[in-house]
Amino acid sequence: MKPGLSLRVSQHLALTPQLQQSIRLLQLSTLELSQEVEQMLDENPFLERTAEEAPREEFGLEAADAPPQADDYSADDAIFSGASSTAATSAEGQNESETPSGAGDEPDWSGDGTVEMAPNDAEWGGDAPPRTRNDSEGDEADATELARSHESLTAFLHRQALALRLSEVDCAALRFLIESLNDDGYLEESLEELAITLAGPDDLEQIEELVHRFTVAQRLLQSLEPVGVGARGLAECLTLQLQAMAADEDCPADAATVQTALRICQQPLEMLAKRDVRRLTVLCSEGGASGEERTRAAMALIARLEPRPGRRFADVERNVIIPDVIVRKAGRANGRDGQQNFIVQLNPDVMPRLRVHDIYAGALRGHKGGEGHQGMQQRLQEARWLIKNIQQRFDTILRVSRAIVERQKSFFTHGELAMRPLVLRDIADELGLHESTISRVTTAKYMATPIGTYELKYFFGSGLGTETGGNASSTAVRALIKQFVAAENAAKPLSDSQIAEMLKEQGIECARRTVAKYREALKIAPANLRKTL
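Parameters and conventions
Residues numbered from 1 in each chain as written. Predicted model: local features only at pLDDT ≥ 70, side-chain atom pairs only at ≥ 80, totals over all residues. Heavy atoms only, no water. Helix = DSSP H or I, 4+ residues; strand = E, 2+ residues; numbered from the N terminus. Buried < 20%, exposed > 50% of the residue type's maximum accessible area, 1.4 Å probe, protein only. Areas by Shrake-Rupley, 256 points an atom, 1.4 Å probe, with all protein chains shown as cover. Axes fitted to C-alpha atoms, helices over the stretch in contact; angles between N-to-C directions. Parallel < 35°, antiparallel > 145°, perpendicular 65-115°, else oblique. Left-handed = near helix turned anticlockwise from the far one by under 90°. Contact = heavy atoms within 4.5 Å. Nonpolar A, V, L, I, M, F, W, Y, C, P; charged D, E, K, R; others polar. Patch = residues over 30% accessible without salt bridge, like charges linked within 9 Å, V, L, I, M, F, W, Y side chains within 5 Å. Salt bridge = Lys/Arg side-chain N within 4 Å of Asp/Glu carboxyl O. Lys, Arg positive; Asp, Glu negative; His and termini not counted. Charge placed at Lys NZ, Arg CZ, Asp CG, Glu CD. Phe/Tyr/Trp six-rings, centres within 6.5 Å; stacked < 30°, edge-to-face > 60°. Pairing = 2+ DSSP bridges. Core = buried A, V, L, I, M, F, W, Y, C linked by side-chain atoms within 4.5 Å.

Along the protein, the regular secondary structure elements total 24 helices and 8 strands. Burial statistics for the protein: of 533 residues in total, 40% are counted as buried. Carbon and sulfur atoms form 49% of the exposed surface of the protein, whose accessible area is close to 30600 Å².

This paragraph deals with the packing of helix α1 (residues 17-26) against helix α17 (residues 373-407). Put simply, α1 and α17 touch, their axes get as near as 9 Å, and they point 45° apart. Our classification of the angle between α1 and α17 gives oblique. Remark: the crossing between α1 and α17 carries right-handed chirality. Of the residues in α17, those touching α1 at Q18, Q21, S22, L25 and L26 are W385, L386, N389, I390, Q392, R393 and T396. Of the residues belonging to the contact of α1 with α17, the class tally is 5 nonpolar, 6 polar and 1 charged.

By the secondary structure assignment, E192 is in helix α9 (residues 191-199). Sequence spacing of E192 and I207 is 15 residues, and the spatial spacing of their C-alpha atoms is 7.3 Å.

Taken together, the side chains of E188, E189, E192 and E193 make up a negatively charged region of the molecular surface. With respect to the secondary-structure elements, E189 resides in the loop between α8 (168-179) and α9. Judged by its relative accessible area of 39%, E189 is partly exposed.

Looking now at the packing of aromatic side chains. Counted under the stated rule, the structure contains 11 aromatic pairs. For the ring pair F411 and Y454, a centre distance of 5.5 Å and an interplane angle of 75° mean the geometry is edge-to-face. Taken together, the residues span a long stretch of sequence, with F411 in helix α18 (residues 409-414) and Y454 in strand β6 (residues 452-455) at a distance of 43 residues. The exposure class of Y454 is buried, given its relative accessible area of 18%. Arranged with centres 5.7 Å apart and planes meeting at 80°, the rings of Y458 and F459 form a pair that is edge-to-face. Y458 sits in the partly exposed class, given a relative accessible area of 23%.

Our focus in this paragraph is the sheet that holds strand β5 (residues 446-449). With respect to topology, 4 strands assemble into an open sheet ordered β3-β2-β5-β6, the strand pairing being mixed. Edge positions in the sheet fall to β3 (342-346) and β6, since each has one partner strand and no second. Neighbour-to-neighbour, the strand axes of this sheet turn through a mean angle of 20°, independent of strand direction. By the bridge criterion, 4 bridges tie β5 to β6 in an arrangement that is antiparallel. Counterpart to M447 in the pairing with β6 is Y454. Across the sheet, α17 is in contact with β2 (325-329), β3 and β5; its angle to β3 comes to roughly 160°.

Let us now look at the pattern of salt bridges. Overall, the coordinates contain 16 salt bridges when judged by the stated rule. The residue R232 makes a salt bridge to E236 at a minimum N-O spacing of 3.2 Å.

A general trend in soluble globular proteins is that nonpolar side chains are found buried together. By size, the foremost hydrophobic cluster in this structure holds 47 residues, and its most contacted members are L47, L354, I390, I427, M447 and F459. Broken down by element, the residue count for this core peaks at 12 residues, all from α17. One finds F156, A173, I178 and L221 within the second-largest nonpolar core, a separate group that totals 22 residues.

Turning our eyes to something else, we now look at the packing of α17 against helix α20 (residues 435-442). The description of two packed helices rests on the angle between their axes and on the distance between the axes. Where α17 contacts α20, the two axes come as close as 10 Å, and the packing angle between them is 95°. With respect to α20, the axis of α17 lies roughly perpendicular. Seen from α17, the contacting residues are T396, I397, V400 and I404; seen from α20, they are I438, V441 and T442.

Before going further, it helps to examine unusual backbone geometry. For residues besides glycine, phi is generally negative; the peptide bonds are generally trans as well. Cis geometry marks the peptide bond from E225 to P226; its omega dihedral reads -5°. Relative to the helices and strands, P226 is located in the loop between α10 (204-222) and α11 (234-247). Phi at A444 is positive, roughly 60°, even though this residue is not glycine.

What follows is the structure, encoded as structure tokens:
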């Protein structure tokens, strides 16, 4: 085979570092973006925070729908504007699975090479007034501040243990058991396993001594508040709470009912879960109508107990959701169509307020050609592009949120039953973006509405066919299933087939398997477990 030269014309897409950063920032959650900004503030001397107001940048939301200039492409336009070519249509796959050309080299942040202070060097988000978390004038406490002052279960138990008069060895054993509890207040490992952890598997005498100490410490632990802590299982936890009720002279529950409940907890919990009143009456109570009535009263008493003693000590801070977008009602409903209008705005608390450091940028301008000038100029361009990409991220989130609210107005007014079918392509076509961009925007981004806080993905759902030829949202169908189950007869709960028939009567074509899938997603037990015998 002879070597030769040939010419070939082909198209390929090379993502610039700026576009790669724009795509990456778009898919970050609020927490991840905050961490990214903190890292950039530590690494780039040209970036600084500011609380001062500044005018919006010229590439803000007002210009979002304007035709892009040749040298000012957004990440979405750069990737998908050439959809007619095969190279452009495969760009998304290249971005996520392949390394772009030149990725191994130092990123080229040179931009246009200027160091003049442009409008986009100013702080972004100037229309959002700053708010301090520890505002002495405000009456509302911040959720994260409350979480930091929240006492943990282990700290609460250690504080109670200080009031006990114990030997040094017993005190150490009690502290060890307290630290071995899980978040719900249970001891997941047996006392023997805990002893082996400390003494090793070979020292049998030491293991026996430790088990004895742990047994004493467990009794002490189970005498502390909250009642039920230190149990090794659900049955023991419920039993501890019932025993505390029986010992309490001021307990409003009937003593006979408490004793029946104690006997029920000694039986396999599957019977309690299945609400098998007849078998539990035979095993735990007297026969006849009075015995059955007492068993039902005992089951109702057990249902009021706390299966997770450590629930109220849960770390609240881990569950705090800070919304990216806030939706508010705008005045009264429109008189012509009766629809309520809504105002959609970004949450000012999650918007980084950044700008280029004026002094450092001015010093770089006055020392052109000096040693290290090129590296500093590259850092300046990085700072400018980060500010621009962060603004573009929030502008895109706002545009998508407004489109969602416009399409789901009925949901915000009437609830889940009024949810309309909506897929990513609908919003993508409306805004001129790609579906993958909408997917990035709606992942781990939250919207605070008058009826609750939801992830943006919540508003998307497939449609089920109706008899009239229209579509019903899967979210609305799940809400209907929840209503049917809430109104069912406990003695004759609805099966999945019956629910499917009821949906068909409402004009919604839904198969039994689809009903089962939706029911499981709603964490509703099957009919045989919901039945009260």
